[in-house]
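Read off the chains here:
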Amino acid sequence: MTGHARTLTSKVLRLCTSRAGLPRAWARSPRLLTCAAPSCGHATNVKTRSYLQYLERKVRGPPAPPYGHVCQVGHPVLRSKAAAVHPRDILGPDVQKVIKTLTRVMRKMECVGLSAPQIGVPLRIIALEYPEKLLEDSSPASAEARGLVALPLRIFINPQLRVLNGQTVIFQEACESISGYSACVPRYLSVEVSGLNEKAEPVTWQVSGWPARILQHEVDHLEGILYIDRMDSKSFINIKWEECNG
Ligand SMILES: [Zn+2]
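Residues numbered from 1 in each chain as written. Predicted model: local features only at pLDDT ≥ 70, side-chain atom pairs only at ≥ 80, totals over all residues.

**Student:** Looking at this structure, how should I read the pairing of strand E4 (residues 125-130)?
**Tutor:** Side chains on a regular strand alternate between the two faces of the sheet. Of all six residues that make up E4, five are buried, and the element is covered over most of its length. With three bridges joining them, strand E3 (residues 113-115) and E4 adopt antiparallel strand pairing. If you follow Leu-114 over to E4, its bridge partner there is Ala-127. With five bridges connecting them, E4 and strand E5 (residues 151-173) associate as antiparallel partners. Across the sheet, the residue bridging to Tyr-130 is Leu-151, located in E5. (Buried ≥ 20, exposed ≤ 12 C-beta atoms within 10 Å, placed from the backbone. Helix = DSSP H or I, 4+ residues; strand = E, 2+ residues; numbered from the N terminus. Pairing = 2+ DSSP bridges.)

**Student:** Honestly, the nonpolar core in this entry has me stumped. Any pointers?
**Tutor:** It is characteristic of soluble globular proteins that their nonpolar side chains tend to be buried jointly. Of all hydrophobic cores here, the largest spans 37 residues; its most connected members are Val-98, Leu-102, Ala-116, Ile-125 and Leu-215. Listing elements by their share of this core, those giving two or more residues are helix H3 (93-108), E4, E5, strand E6 (181-196) and helix H6 (209-222). Ala-116 has contacts with Ala-82, Val-98, Leu-102, Val-121, Leu-123 and Ile-125, leaving out every residue within four places of it along the chain. Among the nonpolar cores identified, the runner-up in size contains 10 residues, and Val-169, Phe-171, Cys-175 and Ile-239 belong to it. (Core = buried A, V, L, I, M, F, W, Y, C linked by C-beta atoms within 7 Å. Contact = placed C-beta atoms within 7 Å.)

**Student:** Would you mind going over unusual backbone geometry with me for this structure?
**Tutor:** As a rule of thumb, non-glycine residues mostly have phi less than zero, and peptide bonds are mostly trans rather than cis. Look at the link from Pro-65 to Pro-66: it is a cis peptide, with omega at 0 degrees. By secondary structure assignment, the location of Pro-66 is in the loop between helix H2 (51-60) and H3. Phi is positive for Asn-158, close to 50 degrees, though the residue is something other than glycine. Overall, the presence of 19 C-beta atoms within 10 Å leaves Asn-158 in the partly exposed class.

**Student:** What am I meant to see in the environment of Arg-213 here?
**Tutor:** When you line up the elements, Arg-213 lands in helix H6. Residue class for Arg-213 comes out buried when judged on the 28 C-beta atoms lying within 10 Å of it. Here the alpha-carbon distance between Arg-213 and Val-191, two residues 22 residues apart in the chain, equals 8.8 Å.

In structure tokens, the structure reads:
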């Protein structure tokens, strides 16, 4: 099948790259507020501040990166090419703080991959983690089709991707930086990533299926590329479009 794109689409399941299953957490999360239109609950993680928070912000000033939130599309950092990290800096406090914040925000958002630019840091650092409990959101058949597997936390610094299998597969994915939307995106079936880990040790990892998709999505962020640049534009949806009708 090499050289031929294999297309697998799902019109029923709305998946996000971030997590391959119905984005239930998005719907139930108190962090996700609805917009002003009362009959249409668009998901958004745009924050509203209480008066106390407003005052605190006025006194302290705006937060500095690494942010404890995910930057949304429109922020220039998401469209810039991230800089390589010098290996000697990896064990230093600044890079370690970025890694720690990246991991914390990824877990807070219940997503399975995040890049440093998304928390406002234009450095080539990505994190991946697919906790076992998130697999419960997908049926065994869906998990098998998508190649879902639980992954322990993995950090890659200055990651380089090599395509191992040029066959592409198409599934819906989403991005925490384009909150509330999803689209079908083709990705290579199998890739190899090499780089450094959080201890500045060289690492190489060969993966297929969903981990390969997450890696391609996150490495794209380091180049200022978003999934909307690669998507089938006719598949682009608001993940709550059905709720708007009823
Ligand atoms: Zn993303």
